[in-house]
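Breakdown of the fold
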Amino acid sequence: MMPKEILPGVLAVGAQDFDRRLFDALIPLPDGTSYNSYLVRGRTKTALIDTVEPDWRHVLQAKLRGVERIDYLVSNHTEQDHSGSIPWVLERYPGVEILASEPARSMLVDHLGLASERIRTVADGERIDLGGRTLRFIYTPWVHWPETMSTYLEEDRVLFSCDWFGAHVASTELFVDGARCVEDEAKRYYAEIMMPFRKIIQKNLEKIRDLDIQMIAPSHGQIYRDPQPILCAYRDWTDDRPHNSVVLPWVSMHGSTAMMVERLTAALSARGVRVFPFNMSVADIGQLAMALVDAATLIVACPTVHVGPHPAALQAVVLANALRPKARFASIVGTYGWAGKMVEALKGAMPNLKVEFLEPVIAKGMPKATDLEALDRLAEAVAAKHAEIGLSEGCSFNPPAV
Ligand code: FEO
């Protein structure tokens, strides 16, 4: 296994994990993932930026064969997939100095059992000279842990961003082909990992606004030789203005709620609102998360089970509540047999959403004509609400799909 050169003297030494299918025992990885690590050589010093998941240490080890000296190990993020092989690096290169943000020190000690004295904290904006090459450390907190920072290679204008701008994808190709990656893998990554920190990411984006970035090299996925598409996408994803769309997670046990979903989808679509329905019995929660990135409205369609909501619909609400999307409106539609507290339970499960609730439509048993007409009125209300707020038209690299 050989390292690949991304620039003269800057090598990719990480690992591609094509077969991994789940992250954090929760997040589906349809495209696998990668654990990127970079070796940066100056005239006098050499730095390693992030490491790899411990299971893939052998790849890092093989790619560093012949590298006799590493002076600095930059830990941009202490989560195991990037820091887990630090103990091996310390053993192999006893003179290496770990450079990390101030909040990272205790996390490296707590998570990896590292000796505190092996860690040198760097300040926000601090520089390290490698001899003709300079690393500048930029604190970028909460992308997605409190200690995260990015490292900027000044002379080559490369931003090593770790998870930020990353994507769960394994590939033998080092570089993103144009803007292709942005719509799919990078958006899935943002949705699942970054979205809860949208407001802080806005500030981080502002912080790097004037940085001259020629290349973004994240620690998951491929490298951006043209950073504009991913920067543009992040600006849109984190923008307070949603798109003209509705996310509609639903479950139906005997067909009645499905009838309501069909009517509501048609009614919204007829009014120019894009609908993303997800049958929660079979849905990929990654795709649900991606749709939540942009949507102005969340409507949950749910039958009543033992007085409360169907657990699969509740799962969608729990996920949305955790991801804190920018949605401005919400509603609930569904059915009951004889009695129930389904609406109250679902509303109570989304305290993190800053939404205006629109009138629910709940049918007793099979929806009647009056219920279907109420769904049309709900669609009308949604379209009117969307028209009142400022909607995003997306960025030029990532316009709303039609
Ligand atoms: Fe890729 Fe937050 O670790």
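Right, let's walk through the structure included here. These figures come from a predicted structure and were not determined experimentally.

Tracing the chain through its elements places Ala330 in strand E21 (residues 329–336). Judged by relative accessible area, Ala330 falls into the buried class, the value being 0%. Linking Ala330 and Glu206, residues 124 residues apart in sequence, is a C-alpha distance of 30 Å. Sequence-distant contacts of Ala330, that is, excluding residues within four places in its chain, are made with Thr297, Leu298, Met350, Val355, Glu356, Phe357 and Leu358.

Ordered by their spatial adjacency, seven strands build an open sheet running E1-E2-E7-E8-E9-E10-E11, and the pairing between neighbours is mixed. Of all the strands in the sheet, the pair left with one neighbour each is strand E1 (4–7) and strand E11 (119–121). Direction aside, the axes of adjacent strands within the sheet are offset by 30° on average. Direction of pairing for strand E10 (residues 97–100) relative to E11: parallel, over a ladder of three bridges.

What follows concerns the packing of aromatic side chains. Considering all chains together, one arrives at eight aromatic pairs under this definition. Here Tyr234 and Trp237 contribute two aromatic rings whose centre-to-centre distance is 5.4 Å and whose plane-to-plane angle is 55°, an arrangement assigned as tilted. Placement of both Tyr234 and Trp237 in helix H7 (residues 228–238) is noted, with a separation of three residues, approximately one turn of the helix. On the basis of relative accessible area, Tyr234 is assigned to the buried category, the value being 0%.

Before going further, it helps to examine the pattern of salt bridges. Tallied over the entire structure, the rule returns 20 salt bridges. Notably, a salt bridge pairs Glu126 with Arg120, separated by 3.7 Å at the nearest N-O pair. The partly exposed category is assigned to Glu126, whose relative accessible area is 23%. Overall, the relative accessible area of 28% leaves Arg120 in the partly exposed class. Put simply, Glu97, Arg120 and Glu126 are held in one network by salt bridges that share partners.

Further remarks concern the environment of Arg41. If you trace the backbone, Arg41 turns up in strand E7 (residues 38–41). Arg41 sits in the partly exposed class, given a relative accessible area of 36%. Note: C-alpha distance between Arg41 and Asp124 (83 residues apart in sequence) is 22 Å. Once you skip the residues sitting within four places of it in the chain, Arg41 turns out to touch Gly9, Leu11, Thr46, Val67 and Arg133.

Looking now at the sheet that holds strand E13 (residues 134–139). Within a sheet, neighbouring strands are paired by backbone hydrogen bonds and run either parallel or antiparallel to one another. In space, the five strands of this open sheet follow the order E12-E13-E14-E15-E16, with mixed pairing throughout. Of all strands in the sheet, those with a lone pairing partner are strand E12 (127–129) and strand E16 (215–218), marking the two edges. The mean angle between the axes of side-by-side strands here comes to 20°, regardless of whether they run parallel or antiparallel.

Further remarks concern the pairing of strand E19 (residues 295–305). Within E19, 10 of the 11 residues are buried, which leaves the element mostly enclosed by the surrounding structure. The pairing of strand E17 (residues 243–250) with E19 spans four bridges and is parallel. Among the inter-strand pairings, Trp250 is bridged to a residue of E19, identified as Ala301. The sheet contact formed by E19 and strand E20 (residues 308–309) spans two bridges and is antiparallel. The residue of E20 that forms the bridge with Thr304 is Pro309. Linking E19 to E20, which pair antiparallel, is a turn of two residues; within it His306 sits at a positive phi near 50°.

Let us look at the side chain of Asp50. Note on placement: Asp50 falls in the loop between strand E8 (46–49) and helix H1 (57–63). Put simply, Asp50 is tucked away with no salt bridge, and the nearest opposite charge, on Arg20, sits 15 Å away. At a separation of 3.0 Å, a polar atom in the side chain of Asp50 contacts the main-chain amide nitrogen of Asn76. A distance of 3.1 Å separates the side chain of Asp50 from the side chain of Ser219, its partner in a polar contact. Ignoring sequence-local partners within four residues, the contact set of Asp50 consists of Asn36, Ser37, Val74, Ser75, Asn76, His77, His82, Cys162 and Ser219.

Definitions and cut-offs
- Residues numbered from 1 in each chain as written.
- Predicted model: local features only at pLDDT ≥ 70, side-chain atom pairs only at ≥ 80, totals over all residues.
- Heavy atoms only, no water.
- Helix = DSSP H or I, 4+ residues; strand = E, 2+ residues; numbered from the N terminus.
- Buried < 20%, exposed > 50% of the residue type's maximum accessible area, 1.4 Å probe, protein only.
- Contact = heavy atoms within 4.5 Å.
- Pairing = 2+ DSSP bridges.
- Axes fitted to C-alpha atoms, helices over the stretch in contact; angles between N-to-C directions.
- Phe/Tyr/Trp six-rings, centres within 6.5 Å; stacked < 30°, edge-to-face > 60°.
- Salt bridge = Lys/Arg side-chain N within 4 Å of Asp/Glu carboxyl O.
- Lys, Arg positive; Asp, Glu negative; His and termini not counted.
- Polar contact = N/O pair within 3.5 Å; in protein donor to acceptor, adjacent residues only side chain to side chain.

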